[in-house]
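Take a look at the letters that make up each chain.
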Amino acid sequence: AGPGPLDAALAYARRGWSVIPIAAKGKQPLVRWLPYQDRAADEAEIRTWFRRWPRANVGVVTGAVSGVAVLDIDPKHGGADSLASLERRHGALPPTLEVATGGGGRHLYFRHPGGTLHNKVGLVPGIDLRGDGGLVVAPPSVHPSGRPYLWTDDRTDSAAMPGWLLRLAAGAPGGPGHTLT
């Protein structure tokens, strides 16, 4: 078995990621998480949370605060097919940090491009983008299905988001996309 929730949360914080506790076997934040979109919790806060909720899931707040944007691929809603289609058209995504979700999907972690990168639900069918103001559940969390979230690629750094993906995020319906500030 790998690290427990507290150890994982502290390791993610050392990476510079903003982390929060999430309900055990769930996706609901256990704390008001708006402040952690602007600043990361310190070690004392993280220890207090995971002492209070030792089996809590670990959430990573996406966006500039953590320096990451996450592509959330849900094969149950066509995400694998959508990704295959995008990669045929634009080329393969670069290898990057990757999680197998407990729900059978994938989270691909990319470096945040700077500026503001908004969340995009339904970027294409079955694929969401978690950017500024977003949140993902991270290993060793347990999905409501009872299956764990697992790193399938835990390299030390995430890849840069390809230009075509940034352009897609900026032009997709349902939001303002990427703006440089």
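Residues numbered from 1 in each chain as written. Predicted model: local features only at pLDDT ≥ 70, side-chain atom pairs only at ≥ 80, totals over all residues. Heavy atoms only, no water.

The next subject is the overall build of the chain. Each helix and strand in the chain was counted, giving four helices and twelve strands. Expected size for 181 residues packed as a compact globule is a radius of gyration near 16 Å; at 16 Å, the chain falls within 12% of this value. Once the C-alpha set of the chain is aligned to its principal axes, its extents read approximately 45 × 35 × 30 Å. Counting the 181 residues in the chain, one finds 46% classified as buried. In the chain, the proportion of contacts linking residues at least 24 apart, taken out of those at least 6 apart, comes to 74%. Carbon and sulfur atoms make up 53% of the accessible area of the chain, which amounts to about 8700 Å² in all. (Helix = DSSP H or I, 4+ residues; strand = E, 2+ residues; numbered from the N terminus. Rg over C-alpha atoms; globule rule 2.2 N^0.38 Å. Buried < 20%, exposed > 50% of the residue type's maximum accessible area, 1.4 Å probe, protein only. Contact = heavy atoms within 4.5 Å. Areas by Shrake-Rupley, 256 points an atom, 1.4 Å probe, with all protein chains shown as cover.)

The next subject is the sheet that holds strand 9 (residues 135-138). Spatial ordering of the open sheet is given by 1-2-9, a layout of three strands whose pairing is antiparallel. Both outer strands of the open sheet, strand 1 (18-22) and strand 9, are each paired with one neighbouring strand and no more. Across the sheet, the mean angle from the axis of one strand to that of its neighbour is 35°, orientation sign disregarded. Two elements, strand 1 and strand 2 (residues 57-61), share five bridges in a ladder whose sense is antiparallel. (Pairing = 2+ DSSP bridges. Axes fitted to C-alpha atoms, helices over the stretch in contact; angles between N-to-C directions.)

Within the element layout of this structure, His 112 appears in the loop between strand 5 (106-111) and strand 6 (116-117). A relative accessible area of 13% means that His 112 is categorised as buried. Within the local environment of His 112, its side chain forms a polar contact with the side chain of Asp 132, the two groups lying 2.8 Å apart. Setting aside residues up to four positions removed in sequence, His 112 forms contacts with Gly 63, Ala 64, Gly 67, Val 68, Ala 69, Leu 117 and Asp 132. (Polar contact = N/O pair within 3.5 Å; in protein donor to acceptor, adjacent residues only side chain to side chain.)

Summed over the entire model, instances satisfying the criterion amount to six salt bridges. Note that Glu 98 and Arg 106 form a salt bridge whose closest N and O atoms lie 2.7 Å from each other. On the basis of relative accessible area, Glu 98 is assigned to the buried category, the value being 17%. With relative accessibility at 32%, the residue Arg 106 sits in the partly exposed group. Beyond isolated ion pairs, a larger network of salt bridges with shared partners links Asp 72, Asp 128 and Arg 130. (Salt bridge = Lys/Arg side-chain N within 4 Å of Asp/Glu carboxyl O.)

Moving on: the pairing of strand 3 (residues 68-73). For strand 3, the buried fraction is high: six of the six residues fall into the buried class. Burial of the side chains of strand 3 extends over both faces: Val 68, Val 70 and Asp 72 are buried on one face and Ala 69, Leu 71 and Ile 73 on the other. Pairing geometry for strand 3 and strand 8 (residues 127-130), over four bridges, is antiparallel. Within strand 8, the position partnered with Asp 72 by the bridge is Asp 128.

Bringing the environment of Tyr 149 into the picture now. By the element assignment, Tyr 149 lies in the loop between strand 9 and strand 10 (150-153). Using a relative accessible area of 3% as the deciding quantity, one classes Tyr 149 as buried. Taking the C-alpha atoms as reference points, Tyr 149 and Gly 103, 46 residues apart in sequence, are found 8.3 Å from one another.

Geometry only, nothing functional implied.
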